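Residues per chain, in single letters:
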Amino acid sequence: MKRRLFSTTAIVLAFSATGSFAQTKWDLPAAYPATNFHTENITQFAKDVDAATGGKLKITVHANASLFKAPEIKRAVQGGQAQIGEVLLVNFENENPIYGADGIPFLATSFAESKKLYEAQKPFLDKILNAQGMKLLYAVPWPPQGLYVKKEIASVADMRGVKWRAYSPATAKMAELIGAQPVTIQAAEVSQAFATGVVDSMMSSGSTGYDSKIYESVKYWYDTQAWLPKNAVIVNLKAFNALDPATQTAVTKAAAEAEARGWKLSAEKNDWYKAELTKKGMKILPPSPKLASDLKQVGAIMLADWEKKAGPDGQALVAAYRKK
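Right, let's walk through the structure included here. (Residues numbered from 1 in each chain as written. Predicted model: local features only at pLDDT ≥ 70, side-chain atom pairs only at ≥ 80, totals over all residues. Heavy atoms only, no water.)

1. Notes on the sheet that holds strand S10 (residues 230-236)
Read from one edge of the open sheet, three strands run S3-S10-S4, paired in antiparallel fashion. Each end of this open sheet is capped by a strand with a single partner; those strands are strand S3 (84-88) and strand S4 (134-141). Geometrically, the sheet is characterised by an average inter-axis angle of 25 degrees between neighbouring strands, direction not taken into account. Two elements, S4 and S10, share seven bridges in a ladder whose sense is antiparallel. Looking at S10, one finds that Tyr138 is bridged to Val233. Helix H2 (residues 37-52) contacts S3, S4 and S10 of the sheet and is inclined by roughly 130 degrees relative to S4. Its contacts with the sheet place helix H4 (residues 111-131) against S4 and S10, and it is angled at close to 165 degrees to S4. (Pairing = 2+ DSSP bridges. Helix = DSSP H or I, 4+ residues; strand = E, 2+ residues; numbered from the N terminus. Axes fitted to C-alpha atoms, helices over the stretch in contact; angles between N-to-C directions. Contact = heavy atoms within 4.5 Å.)

In structure tokens:
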């Protein structure tokens, strides 16, 4: 009797360890602070997956570049060092120009235009990522990009020689075109870079300025609404394909919900960030007509250069966007 009981218990335990109750654990590196709305959205996504799968798939979010630095995350996911991760798409324009479509100044300057650009860009992103052994789960834009500077400016000429934070090929190119000095600084290093004078200007969102406490070093932010770059959550295709169909469905459903939630959050947070920066002593200003005109000229040059680099796919993407 005891032997039969022991044998039954052993079978149940073995089944629990190797059968349908087996748990899968994924690491998700992210480059931004835990309090940033992108990271909060990702954390909710991980919780939703956990709940939908009954704990079968556990995703651990590693915020603030604590597991991998921002430029390393895509390679980590591609190589399987992390099963899933969040990347800023424009960081990888040198790898393929399609990644940089949403970093072209003044191509898409509102949430509505950004959504249309994403719809045009997505089929190309899916194709590229799939060829690299990855899958796009969802993407969420940052609020519109503005210009942080330590002095009042009225034109691009006033930017010549300033030390400019570059975080992508497009922002480095922009520095070159306006005569600024590009310095590569990742999000986690922005606060220290401004505080120590390594840089004294950048084009970024109200979100980055608030998270990095830019108001302690910079007093002017020109609301240029230049572009809305997107963060994308990507997954290693082998890791995704190793999941059972029900778990795959749970992940894609949670991703769709995270995308919708993230777009809404970004739009809502845009005004909130500007209000908070104002409370902290920053002056939120519209660009002068001359500054706006100068920057749009820079955008036109960059769009022409980008279309040339991107070739037929890039031209098709822009054409599809303009038809929407």
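2. A few points about the environment of Phe45
With respect to the helices and strands, Phe45 occurs in helix H2. Residue Phe45 is classed as buried on the basis of its relative accessible area of 0%. Measuring from C-alpha to C-alpha, the distance between Phe45 and Glu257 comes to 8.0 Å, with 212 residues separating the pair along the chain. When residues no more than four places from it in sequence are discounted, the contact partners of Phe45 are Leu28, Ile59, Ile84, Leu137, Tyr138, Val251, Ala254, Ala255, Ala258 and Arg261. (Buried < 20%, exposed > 50% of the residue type's maximum accessible area, 1.4 Å probe, protein only.)

3. A closer look at the sheet that holds strand S8 (residues 201-204)
The six strands lie next to each other as S7-S6-S8-S5-S9-S11, forming an open sheet whose pairing is mixed. The outermost strands of the open sheet, each flanked by one partner alone, are strand S7 (181-184) and strand S11 (283-285). Adjacent strand axes in the sheet meet at a mean angle of 25 degrees when their direction is disregarded. Across four bridges, the pairing between strand S5 (residues 146-149) and S8 is antiparallel. Bridge pairing links Tyr148 to Met202 in S8. Sitting on the sheet, helix H5 (residues 169-178) touches strand S6 (163-166), S7 and S8, and the angle it makes with S6 is about 155 degrees.

4. Comments concerning the nonpolar core
Among the nonpolar cores identified, the biggest contains 89 residues, and Phe45, Ile59, Ile84, Leu137, Tyr138 and Trp164 are the most heavily contacted of them. For this core, the leading source of residues is helix H10 (residues 289-323), giving ten residues. Ile84 has contacts with Trp26, Asp27, Leu28, Pro29, Phe45, Ile59, Val77, Leu137, Val233, Ile234 and Val235, leaving out every residue within four places of it along the chain. With 13 residues, the next largest nonpolar core counts Tyr148, Val190, Val199 and Met202 among its residues. (Core = buried A, V, L, I, M, F, W, Y, C linked by side-chain atoms within 4.5 Å.)

5. Examining the packing of H2 against helix H9 (residues 245-279)
Put simply, H2 and H9 touch, their axes get as near as 9 Å, and they point 155 degrees apart. Classified by the angle their axes make, H2 and H9 are roughly antiparallel. Seen from above, H2 lies across H9 with right-handed handedness. For the pair formed by H2 and H9, the contact residues are Phe37, Asn41, Gln44, Phe45, Asp48, Val49 and Ala52 on the first element and Ala250, Val251, Ala254, Ala255, Glu257, Ala258, Arg261, Gly262, Leu265, Ser266, Lys269 and Tyr273 on the second. In the contact of H2 with H9, the residues fall into eleven nonpolar, four polar and four charged. (Parallel < 35°, antiparallel > 145°, perpendicular 65-115°, else oblique. Left-handed = near helix turned anticlockwise from the far one by under 90°. Nonpolar A, V, L, I, M, F, W, Y, C, P; charged D, E, K, R; others polar.)

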